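# Examination of the molecular architecture
Here is how the chains run, residue by residue.
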Amino acid sequence: MDVDTRLLRYFAAIAEEGNLTRAAHRLFVSQPSLTKQLKHLESQLGVRLFTRSSTGMRLTEAGHVLAARVPPVLAGWDAAVSETRSAARVLRVGFLASAANDATRSIVAAFGRIRPGWRVDLRQAPWSDPTAGLAGAEVPVALLRLPFPGEEAFGVRTLFSESRCVALASDHPLASRTSIEFRELWDDPVIVAPALKGAWREHWLALSERDGREVRIGAVTEQPDEFLGAIASGCGISLVPASTARFHSRPDVVYIPVKGVSPSDVAVAWLPDAGETAADFVRCCVDVTRSRRTGCGTRSG
């Protein structure tokens, strides 16, 4: 019988958390989707793995047997994948849209110089996964934005900061302004990503800078095109890194500097057991972004 390793990861998360909601948050999937995948695994195995109650999820006898076996199976598979990619000299790097921006090409080039013959396979993650693939061990290293959920479980190095601006529809009443005070935007609905929870949510909604004003959600989007389309159609606004204006320019959306909000930090993060190849990539990230700051003054990206 062939079982998708993702189903096993989902099972392991539910077993460890003992709660579907917490497991779904940890995996950056919706609870209905996680429930569906669990039922699919139980159907494949022909056994019931959990008993469900108001207090959470309890392993059945069969579930306990599988829970004891799954961690070493996943660890063995992850090791096999890592060794296979190393033999092929491919380093997978996850990234979020507008993470390292125009520094990425220089980082990859620097890595190629210290690791001749290696190839960097850049994998863009949806905004529903702020870890850019790290949480599911899909990549050993990633370029992303701080803060992100569960970052204490990974190695993290901040690379640079950039100011935030607001993305508005071109016909928004404030669209002609050269700058905007954040308090002028408090009553506007906001476009958000599905994974907007915890510190990630607090940062991108700038909750600490709203003076307690409640946030209205205008739309939930997962991909950049959907996000910009919602803004252009007037569903709401969003705080975004200043570099978004360079990489996601379109005539029906304007980007205006905002006063009164904290900057956005770009970081490189890696799995604890990522290995020396990933460590070399991290060093390239640090060296390239440091040289860009010292050589060209302060710049974002």
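These numbers come from a predicted model, not from an experiment.

### Here we look at the pattern of salt bridges
- Enumeration over the complete set of coordinates arrives at 16 salt bridges.
- Asp121 is the salt-bridge partner of Arg123, the closest N and O atoms lying 2.9 Å from each other.

### Focus: the confidence of the model for the chain
- Scored by pLDDT, the chain comes out at a mean of 88, with 94% of its residues at no less than 70.
- Note on residues 296-301: pLDDT under 50 across the span, and 15 contacts to partners over four residues away in sequence or across chains.

### Focus on the state of the cysteines
- This structure, assessed with the given rule, holds zero disulfides.
- With no disulfide of its own, Cys284 lies closest to Cys285 among cysteine sulfurs, the gap being 7.1 Å.
- When its relative accessible area of 4% is taken as the criterion, Cys284 is described as buried.
- Cys285 sits in the buried class, given a relative accessible area of 0%.

### Considerations on unusual backbone geometry
- For the peptide bond that leads from Leu146 to Pro147, omega is -10 degrees, which places it in the cis range.
- Inspection of the secondary structure puts Pro147 in the loop between β5 (141-146) and β6 (155-162).
- One non-glycine residue with positive phi stands out, namely Ala137, at about 55 degrees.
- One can find Ala137 in the loop between β4 (119-124) and β5.
- With phi around 50 degrees, Ala206 is a residue other than glycine that occupies positive phi space.

### A word on the pairing of strand β13 (residues 264-270)
- With five of seven residues buried, β13 is to be regarded as a mostly interior element.
- Across six bridges, the pairing between β5 and β13 is antiparallel. Among the inter-strand pairings, Leu144 is bridged to a residue of β13, identified as Ala267.
- Of the strand pairs in this sheet, β6 and β13 are connected by seven bridges, and their pairing is antiparallel. Note on β13: the bridge partner recorded for Phe160 is Val266.

### Let's talk about the packing of aromatic side chains
- Using the criterion set out here, one finds five aromatic pairs in the structure.
- Ring centres of Phe148 and Phe154 lie 6.0 Å apart, and the angle between their planes is 35 degrees; this geometry places the pair in the tilted category. By the burial criterion, Phe148 is buried, and Phe154 matches it.
- Taken together, a centroid distance of 6.4 Å and an interplanar angle of 85 degrees make the contact between Phe182 and Trp186 edge-to-face.
- Sitting over the ring of Trp118, Arg115 keeps its end group 5.5 Å from the ring centre.
- Its end group placed over the ring of Trp204, Arg164 keeps NZ or CZ at 5.4 Å from the ring centre.

### Some points on helix α5 (residues 104-114)
- Residues of α5 that are buried: Thr104, Ile107, Ala110 and Phe111. End-on, the buried residues of α5 take up no more than an arc of 125 degrees, which puts them together on one face. Opposite the buried face of α5, by more than 90 degrees, sit the exposed residues Arg105 and Arg113.

### What about the pairing of β5?
- Most of β5 is tucked away, with six of its six residues classed as buried.
- Summarising the sheet, strand β3 (residues 90-95) and β5 pair through three bridges and their orientation is parallel. Looking at β5, one finds that Val93 is bridged to Val141.

### Describing the packing of helix α1 (residues 5-17) against helix α2 (residues 20-27)
- Direction vectors running N to C along α1 and α2 enclose 130 degrees, while the axes themselves pass 8 Å from each other. Judged on the interaxial angle alone, α2 and α1 are oblique. The handedness of the crossing between α1 and α2 comes out as right-handed. Residues Arg9, Tyr10, Ala13, Ile14, Glu16 and Glu17 of α1 pack against Leu20, Arg22, Ala23, Arg26 and Leu27 of α2.
- Here the residues of the contact of α1 with α2 sort into six nonpolar, no polar and five charged.

### Some remarks on the side chain of His203
- In this structure, His203 sits in helix α6 (residues 198-204).
- Note on His203: relative accessible area 12%, which makes it buried.

### Quick word on the sheet that holds strand β7 (residues 164-169)
- Read across the open sheet, the four strands follow the order β8-β12-β7-β11; overall the sheet is mixed. Looking at which strands have only one partner, the edges of the open sheet turn out to be β8 (180-181) and β11 (238-241).
- Where β7 lies against β11, four bridges are found, and the strand directions are antiparallel. Paired with Ala167 across the bridge in β11 is Ser238.

Cut-offs applied
Along each chain, residue indices are assigned from 1 in the same order as the chain's sequence is written. Since the coordinates come from a predicted model, pLDDT governs what is reported: local features require at least 70, and pairs of side-chain atoms require 80 or more to be given and counted, while whole-chain, interface and lining totals use all residues. Each side-chain value is worked out from all heavy atoms of the structure, with water and hydrogens disregarded. A pairing counts as a salt bridge when a side-chain nitrogen of Lys or Arg comes within 4 Å of a carboxyl oxygen of Asp or Glu. Values of pLDDT, which run from 0 to 100, indicate the predictor's confidence residue by residue. By definition, residues are in contact when any of their heavy atoms lie within 4.5 Å. In this description, a disulfide is simply a cysteine sulfur pair whose atoms lie within 2.5 Å. Buried, partly exposed and exposed residues are distinguished by accessible area as a fraction of the type maximum, computed with a 1.4 Å probe on protein chains only: under 20%, between the cut-offs, and over 50%, respectively. Going along the chain from the N terminus, every DSSP run of H or I of four or more residues is numbered as a helix, and every run of E of two or more is numbered as a strand. In short, DSSP must find at least two bridges between two strands for them to pair. Ring pairs shown here join Phe, Tyr and Trp side chains whose ring centres sit within 6.5 Å, with only the six-membered ring taken for Trp; geometry is labelled stacked below 30 degrees between planes, edge-to-face above 60, and tilted in between. Geometrically, a lysine NZ or arginine CZ counts as sitting over a ring once it is within 6 Å of the ring centre and also within 35 degrees of the ring normal. Note: the arc covers the axis-to-C-beta directions of the helix. A fitted line through C-alpha atoms represents every axis, and for helices the fit uses only the stretch in contact; the resulting angles, taken between N-to-C directions, go from 0 to 180 degrees. Roughly parallel covers angles under 35 degrees, roughly antiparallel covers those over 145, roughly perpendicular covers 65 to 115, and oblique covers all other angles. Crossings are sorted by hand: turned counterclockwise from the far helix by less than a right angle, the near helix makes the crossing left-handed, and turned clockwise it makes it right-handed. Gly is put with the polar residues, along with every residue not named as nonpolar or charged; the nonpolar set is Ala, Val, Leu, Ile, Met, Phe, Trp, Tyr, Cys and Pro, and the charged set is Asp, Glu, Lys and Arg.

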